[in-house]
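Commentary on secondary and tertiary structure
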Amino acid sequence: MDDKRRKIITFFLFAFMLFFGVSAGMSGNIQAEIIKAYQLDLEQASLFITFQEIGSILAMLFSVLVADRLKKDRLVGLLLLLMGLFNLLVGTAPIFLLLLFAKTGSYVFSNIANNTSSAYISDLYHSESSQNMSLLHMLFGVGALIGPLYATLIDRAGYGWNGSHLLLGGAVLLFVAGYVFLLRKQKVQADAATPVGRQSRIPLRAMLMDGNMRVLCIVGACLASYQLFITWLPTYLYNQDTVLYTVERSSFIITAYYVGMIISRLCYSALSKKVSTHAYVRFACLTSVAILGISLFFQTYQLWLIGNFLLGLTSGALYTAQFILVCKQFPAFSAGSSSMVSLFSALGAMLVNSVIGVVAGRGAFTEAMYIPVIMIAIAFVLMLSFYKPKQIAPDSA
């Protein structure tokens, strides 16, 4: 592929990931405003999460079965177009059912684009995919930090919660127009070494029979516990001490994690040249178990603040590392293989989240918070005992 074309595609993939991060980061801030605007009860509001989980599974199934059979440059453009349009629909939906449909559609297409973008970076850069993928995922973290502030500023400017979606959707559509215009100016050159075209058949059986792939799928399901822990943490802390853990203090704790995550993903682009990806995954899992275990045992605000920063710093690039391992296990089917692991992650998240809710609901909230720690420990054991890096090229693991 022409180097200039590659750089254009990379720039827009990076921009998309920033937009995706903003969209994810602002969702929590505007949820209460949406409930108020549409006069929803809590049962109706919970449908957003239910349909989000269903949408996540549908997105992964599409990516597994279809994404590698299409040209990724065109697929990314189409997905970004749909993401922008559905954000505009969210901002203008007159009734709840249309809003639910629009938010689900936006989530589905954003997640397909997320997996496709990561796989495409792997296709485009091969030996340099670690550095570029870590930068790609770092931008998601930056966007997630910007998201709440962005939503607050738009609301204070008098445009309300829907103004956030309208402006974001408009910005995405402008970038799509620029993406299409610039790519059409470049001569399309097929590069046989870069598997971005159509593939005849996705080897699902081979993926499922591959020992490393099975390990990575189970590990993906276990490591979904990271986000679950962060999601449940503010509620858990408030449940422990309503005076000490105010909304502001809980926000500081969560922000500390995301700051650490951004630094981790930025540094991983350099670290990946010296440390193998599978070794980093083992290290991140082991340190995470120690950090979370100590934080849960001693229960102080200062320790939660420092611990969450260290958690983000040591494990923030785990998502990137998983993508790198999976894409290099089946490099010709990067989108399908990475989406299969993401599908297991989504299923794992649904299962573990349900267990946490049941255990916490029975008055054992601290015990419930140890469940994600146990899942991360299982991921460490699997990577240490069953993952075999020698099964793929030496520079890939």
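Residues numbered from 1 in each chain as written. Predicted model: local features only at pLDDT ≥ 70, side-chain atom pairs only at ≥ 80, totals over all residues. Heavy atoms only, no water.

Observations regarding the overall build of the protein chain
A tally of helices and strands in the protein chain yields 14 helices and zero strands. If you list the helices and strands of the protein chain from N to C, you get α-α-α-α-α-α-α-α-α-α-α-α-α-α. Along the longest, intermediate and shortest principal axes, the C-alpha atoms of the protein chain span 60 × 55 × 35 Å. Among the 397 residues that make up the protein chain, the fraction classed as buried is 53%. The long-range share in the protein chain, meaning contacts at least 24 apart out of those at least 6 apart in sequence, stands at 84%. For the protein chain, the accessible area works out to roughly 17900 Å², and carbon and sulfur atoms hold 67% of it. Of the charged side chains in the protein chain, 27 are positive and 17 negative; the average position of the first set lies 10 Å away from that of the second. (Helix = DSSP H or I, 4+ residues; strand = E, 2+ residues; numbered from the N terminus. Buried < 20%, exposed > 50% of the residue type's maximum accessible area, 1.4 Å probe, protein only. Contact = heavy atoms within 4.5 Å. Areas by Shrake-Rupley, 256 points an atom, 1.4 Å probe, with all protein chains shown as cover. Lys, Arg positive; Asp, Glu negative; His and termini not counted. Charge placed at Lys NZ, Arg CZ, Asp CG, Glu CD.)

A closer look at the side chain of Gln-322
Within the fold, Gln-322 resides in helix 12 (residues 318–329). Taking relative accessible area as the criterion, Gln-322 reaches 14% and is therefore assigned buried.

Some remarks on the pattern of salt bridges
Opposite charge on two side chains allows them to pair when their charged atoms are near. Taken as a whole and assessed by the stated rule, the structure comprises two salt bridges. As a salt-bridge pair, Arg-5 and Asp-73 come within 2.8 Å of each other at their nearest N and O atoms. Taken together, the residues span a long stretch of sequence, with Arg-5 in helix 1 (residues 3–37) and Asp-73 in helix 3 (residues 72–92) at a distance of 68 residues. An identical accessibility class is assigned to Arg-5 and Asp-73; each is buried. Between Lys-72 and Asp-123 there is a salt bridge, with the nearest N and O atoms lying 2.7 Å from each other. Of the two residues, Lys-72 is situated in helix 3 and Asp-123 in helix 4 (residues 96–125); the sequence distance between them amounts to 51 residues. In terms of burial, Lys-72 and Asp-123 fall into one category: buried. (Salt bridge = Lys/Arg side-chain N within 4 Å of Asp/Glu carboxyl O.)

Details of the packing of helix 8 (residues 225–240) against helix 14 (residues 365–385)
Viewed as axis vectors pointing N to C, helix 8 and helix 14 meet at an angle of 160 degrees, and their least axial separation amounts to 10 Å. Comparing their axes, helix 14 and helix 8 come out roughly antiparallel. The crossing of helix 8 and helix 14 is left-handed. Across the interface between the two elements, Ser-225, Tyr-226, Phe-229, Trp-232, Leu-233, Thr-235, Tyr-236, Asn-239 and Gln-240 from helix 8 touch Phe-365, Thr-366, Met-369, Pro-372, Val-373, Met-375 and Ile-376 from helix 14. (Axes fitted to C-alpha atoms, helices over the stretch in contact; angles between N-to-C directions. Parallel < 35°, antiparallel > 145°, perpendicular 65-115°, else oblique. Left-handed = near helix turned anticlockwise from the far one by under 90°.)

Quick notes on a nonpolar patch on the surface
On the surface, a cluster of nonpolar side chains totalling about 350 Å² of accessible area is made up of Val-259, Ile-263, Ile-306, Leu-310 and Leu-313. Secondary structure elements with two or more residues in the nonpolar patch: helix 9 (247–271) and helix 11 (301–315). Per-element tally for the nonpolar patch: the top contributor is helix 11, with three residues. When you line up the elements, Val-259 lands in helix 9. (Patch = residues over 30% accessible without salt bridge, like charges linked within 9 Å, V, L, I, M, F, W, Y side chains within 5 Å.)

Some remarks on the confidence of the model for the protein chain
With 92% of its residues at a pLDDT of 70 or more, the protein chain has an overall mean of 85. A low-confidence stretch, residues 188–198 stays under pLDDT 50, and its non-local contacts, those more than four residues away or across chains, total 27 contacts. Confidence drops under pLDDT 50 across residues 391–396; counting only partners more than four residues distant or on other chains, this segment forms 10 contacts. (pLDDT = per-residue confidence, 0-100.)

Comments concerning the nonpolar core
Counting residues in hydrophobic clusters, the biggest one holds 118 residues, and the most contacted among them are Phe-229, Leu-233 and Trp-304. Discounting chain neighbours no more than four positions away, the residues touching Leu-233 are Ile-253, Ile-254, Trp-304, Asn-308 and Met-369. (Core = buried A, V, L, I, M, F, W, Y, C linked by side-chain atoms within 4.5 Å.)

Let's talk about the packing of helix 4 against helix 12
Two numbers describe how helix 4 lies on helix 12: the axes approach to 10 Å, and their chain directions differ by 60 degrees. One finds that helix 4 runs oblique with respect to helix 12. Regarding helix 4 and helix 12, the two cross each other, and that crossing is right-handed. Listed contacts from helix 12 to Asn-114, Asn-115, Ser-118, Ala-119 and Ser-122 of helix 4 are Tyr-319, Phe-323 and Cys-327.

Re the side chain of Asn-132
Checked against the element boundaries, Asn-132 lands in helix 5 (residues 129–185). For Asn-132, a relative accessible area of 13% puts it in the buried group. Ignoring sequence-local partners within four residues, the contact set of Asn-132 consists of Phe-14, Ile-121 and Tyr-125.

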